[in-house]
Amino acid sequence: MATLQAPARPETRLHKAPFVNEPFTDFSQEENARKMRAAIEKVRAQLGREYDLIIGGKHVKTQDKLKSINPAKPSQLVGLHQKAGKDQVEPAMNAALKAFETWSRTPVEERAALLFRTGDLLRERKFEFCAWLVFEVSKNWGEADADIAETIDFCEFYSREALRLSKVEPPVQLPGERDYVFYIPLGVGAVIPPWNFPAAIMAGMTLASIVAGNTVILKPSSDSPTIAARFVELLEEAGMPEGVVNFCPGAGASFGDAVVAHPQTRYIAFTGSREVGLRINKVAADQAPGQIWIKRTILEMGGKDAIVVDADADLDSAVEGVAVSAFGFQGQKCSACSRAIIDERIYDKFLEKLKARVERITVGDPAENTNMGAVINEGSMKSILEYIETGKKAGRLLTGGKAAKSAGEGYFIEPTVIADIAPKSKLEQEEIFGPVLVVIKSRNYDQALEIANDTEFGLTGAVYTKSRDKIERAMREFHVGNLYINRKCTGAIVGAHPFGGFNMSGTDSKAGGPDYLYLFTQGKSVGEKIF
Ligand code: NAD
């Protein structure tokens, strides 16, 4: 087994320095735009490479392959991947179990140092990693940059959190005893991320796992295995020992399901759809033969997020917040605004301004830094267009409403707004996960909050109002895991906005917050009698 390399720079300075968020890149600066264009060309030259599974540090090939394509140019292969199946479950589990024996006992300072080094490497190659996101999931430059900045934040944040957790306040000391509480690792975790934050969410769940001393079977989404492969290469370069992260792209329904069901899987860290999250919860609840623990599930799922705009709101800023939250990354964020709930007194004015704003959004190849790229795949495009057709009958099409054919051969859809949608209707209740916003008219603030809360989800939400009373009411009554006031409902920042939803949006795990690492550990209490 490889040992950790010597730290690349003095760790003490890093340990003591307070956490600071990675700044976003200003692409209006020509120097940054030039670097991004150069990175895109560099990555373009590497498209189509073949990647292996990595199990116990060994490269493994499979008969079945998985093709990752560019959604903006489906004929362009981004990466050719091996496809883990049932045969790879035991080798991956055995490698992770073997690595756990040593990694779980590796001092937390060394585990944290691995994350610090990974963050440093990522910072050096930020533009290149952004370019991979442009090609693999069709993020524009700014969206890609935010995803990578968040990934760097997770390296910096969870490493500090692990160090903090190793020195928590001692418990009450009984007379005649020395009393302790330690947070120890759980075991082997299945890390199952979605494709929409293919760097940040994939890396966040993996980094939290390993810095806490666990080992991992990482099954990235079939739509975004390349960025995960590049990240695992980075971890190896930073000195990660063999078997700590076992990289296994494969189908969710076969490989993913089998890993979740495995008796030696100790926990599952999942982010994705409500349907798959509930399935994992069910499978994990069954005791497999030989299983001696209750599997822990950390499940973050879908949303049907609303922005409420009150009659007294600053209209221009509300229009901007709604447009950016609804159409950033083509509306494919769990936090995306998919419902705008607008007071009847400003409804018409709001729609007029929103239409003008949305019609300025450019759609096309994100390598050219358009506002919107393509949606993730053909199946998704079909499903979104079906929702749009339903919406045209259920409400009034304000703008958009079809595939954006002029944008190119990819899965492009016009930013679409459908007004006059009724509460409780299909489009108002179901997650569409694309560039579709529905607008609902409310009689007053009471009714607006009622509509906002009336779905089975509870992930993000925002309120635009100048009234202090209404802000405080929203804080009490708007039942979401992440609430924003007078700003967009997307773009949670690590440390400032711990992220996770209520109800069918998930287990409220609060990624990027001070409680997150507890989910990847178990507390051990020791009372020692003093002689
Ligand atoms: P998905 O549920 O289709 O897939 C997520 C992951 O689960 C993928 O890696 C997939 O291969 C795997 N999977 C599928 N079936 C499985 C099974 N039976 N067993 C084990 N693994 C299985 O979701 P997606 O399309 O990748 O992502 C979009 C969804 O993710 C949206 O619903 C979005 O709201 C949600 N999301 C939520 C958050 C959050 O923090 N709450 C963040 C991002 C995305």
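Details of the structure are given in the entry above.
Below is a summary of the structure that appears in this document. (Residues numbered from 1 in each chain as written. Predicted model: local features only at pLDDT ≥ 70, side-chain atom pairs only at ≥ 80, totals over all residues. Heavy atoms only, no water.)

**Some remarks on the overall build of the protein**
For the protein, the count of helices and strands is 16 helices and 19 strands. The C-alpha atoms of the protein give 23 Å as radius of gyration, which agrees with the globular expectation for 531 residues (24 Å, within 12%). Summarising its shape, the C-alpha atoms of the protein cover approximately 75 × 60 × 50 Å along the three principal directions. Counting the 531 residues in the protein, one finds 58% classified as buried. Expressed as a percentage of contacts within the protein between residues at least 6 apart in sequence, the contacts between residues at least 24 apart total 77%. Surface accessibility of the protein: about 21400 Å² in total, with carbon and sulfur atoms responsible for 53%. (Helix = DSSP H or I, 4+ residues; strand = E, 2+ residues; numbered from the N terminus. Rg over C-alpha atoms; globule rule 2.2 N^0.38 Å. Buried < 20%, exposed > 50% of the residue type's maximum accessible area, 1.4 Å probe, protein only. Contact = heavy atoms within 4.5 Å. Areas by Shrake-Rupley, 256 points an atom, 1.4 Å probe, with all protein chains shown as cover.)

**Overview of the sheet that holds strand β13 (residues 337-343)**
Strand order in the open sheet made by the seven strands is β14-β15-β16-β13-β12-β17-β18, with mixed pairing throughout. Pairing within the sheet leaves two strands with one partner each, and these edge strands are β14 (396-399) and β18 (482-485). The sheet shows a mean angle of 20 degrees between the axes of neighbouring strands, direction not considered. Relative to β13, strand β12 (residues 305-309) runs parallel, the two being bridged by five bridges. Bridge assignment links V308 to a residue of β13, and that residue is I341. Helix α11 (residues 315-327) contacts β12, β13, β15 (416-419), β16 (436-442) and β17 (460-464) of the sheet and is inclined by roughly 170 degrees relative to β12. (Pairing = 2+ DSSP bridges. Axes fitted to C-alpha atoms, helices over the stretch in contact; angles between N-to-C directions.)

**Description of the packing of aromatic side chains**
According to the stated counting rule, one finds 12 aromatic pairs in the structure shown. Taken together, the aromatic side chains of F19, F154, F157, Y158, Y267, Y516 and F520 make up a single cluster linked through ring pairs. The lysine or arginine in question, K139, covers the ring of F197, its NZ or CZ lying 3.8 Å from the ring centre. Sitting over the face of the ring of F329, K139 holds its NZ or CZ atom 4.5 Å from the ring centroid. (Phe/Tyr/Trp six-rings, centres within 6.5 Å; stacked < 30°, edge-to-face > 60°. Lys NZ or Arg CZ within 6 Å of the ring centre and 35° of its normal.)

**With respect to the site of the ligand**
As a matter of local geometry, the ligand sits amid 28 residues, with P193, K219, S273, M301 and E431 nearest to it. In this structure, W195 approaches the ligand through a side-chain N or O atom, which is 2.9 Å from an oxygen atom. A distance of 2.8 Å separates an oxygen atom of the ligand from a polar side-chain atom of K219. Relative to its unbound accessible area of 860 Å², the ligand is 87% covered by the protein chains. Residue assignment for the shell around the ligand shows that the elements contributing at least two residues are α9 (252-261), β10 (265-271) and α10 (274-285). Classifying every residue of the shell around the ligand gives 15 nonpolar, eight polar and five charged. Three or more residues apiece are contributed to the shell around the ligand by two domains, here domain 1 (36-170 + 177-301 + 510-524) and domain 2 (305-493). (Near = heavy atom within 4 Å. Polar contact = N/O pair within 3.5 Å; in protein donor to acceptor, adjacent residues only side chain to side chain. Nonpolar A, V, L, I, M, F, W, Y, C, P; charged D, E, K, R; others polar. Domains from an automatic or database assignment.)

**Comments concerning the packing of helix α5 (residues 126-137) against helix α8 (residues 225-237)**
A pair of packed helices is captured by two measures, namely the crossing angle of their axes and the spacing between those axes. Their axes nearest at 9 Å, the elements α5 and α8 cross at an angle of 160 degrees. One finds that α5 runs roughly antiparallel with respect to α8. Residues E128, F129, W132, L133 and E136 of α5 pack against P225, T226, I227, R230, F231 and L234 of α8. Within the contact of α5 with α8, the residues separate by chemical class into seven nonpolar, one polar and three charged. (Parallel < 35°, antiparallel > 145°, perpendicular 65-115°, else oblique.)

**Quick notes on the nonpolar core**
Among the nonpolar cores identified, the biggest contains 78 residues, and M36, Y158, L207, I210 and V245 are the most heavily contacted of them. When residues of this core are assigned to domains, at least three fall in each of domain 1 (36-170 + 177-301 + 510-524) and domain 2 (305-493). Sequence-distant contacts of M36, defined by excluding residues within four places in its chain, comprise F27, F127, C130, A131, V134 and W141. Within the second largest apolar cluster, 32 residues are counted, among which are A306, I384, L427 and A474. (Core = buried A, V, L, I, M, F, W, Y, C linked by side-chain atoms within 4.5 Å.)

**Some words on helix α13 (residues 378-394)**
Given a rise of 1.5 Å per residue, 17 residues ought to cover 24 Å, and the 24 Å separating the end C-alpha atoms of α13 matches this to within 8%. Inspection of α13 places S380, M381, I384, Y387, I388 and G391 among the buried residues, and these make up the whole buried set. With its buried residues spanning 125 degrees around the axis, α13 presents them on a single face. Relative to its buried face, α13 has exposed residues pointing more than 90 degrees away, namely E378, K382 and K393. Its side-chain oxygen placed 3.3 Å from the backbone nitrogen of G379, N377 serves as the N-cap of α13. (Expected span 1.5 Å × (residues − 1). Arc of directions from axis to C-beta.)

**Considerations on the pattern of salt bridges**
In total, this model carries 41 salt bridges according to the counting rule given. Of the charged contacts in the structure, one is a salt bridge between K65 and E50, with a shortest N-O distance of 3.6 Å. Note that K65 is positioned in strand β4 (residues 65-70) and E50 in strand β1 (residues 49-51), a separation of 15 residues in sequence. Assessed through its relative accessible area of 34%, E50 is described here as partly exposed. Here D343 and R345 are joined by a salt bridge, their closest N and O atoms 2.9 Å apart. D343 gets classed as buried once you look at its relative accessible area, which sits at 1%. In this structure R345 comes out as exposed when scored by relative accessible area, which is 59%. What emerges from the salt-bridge pattern is a single network uniting E22, D120, R123, K126, E156 and R160. (Salt bridge = Lys/Arg side-chain N within 4 Å of Asp/Glu carboxyl O.)

Honestly, it's all geometry; don't read function into it.
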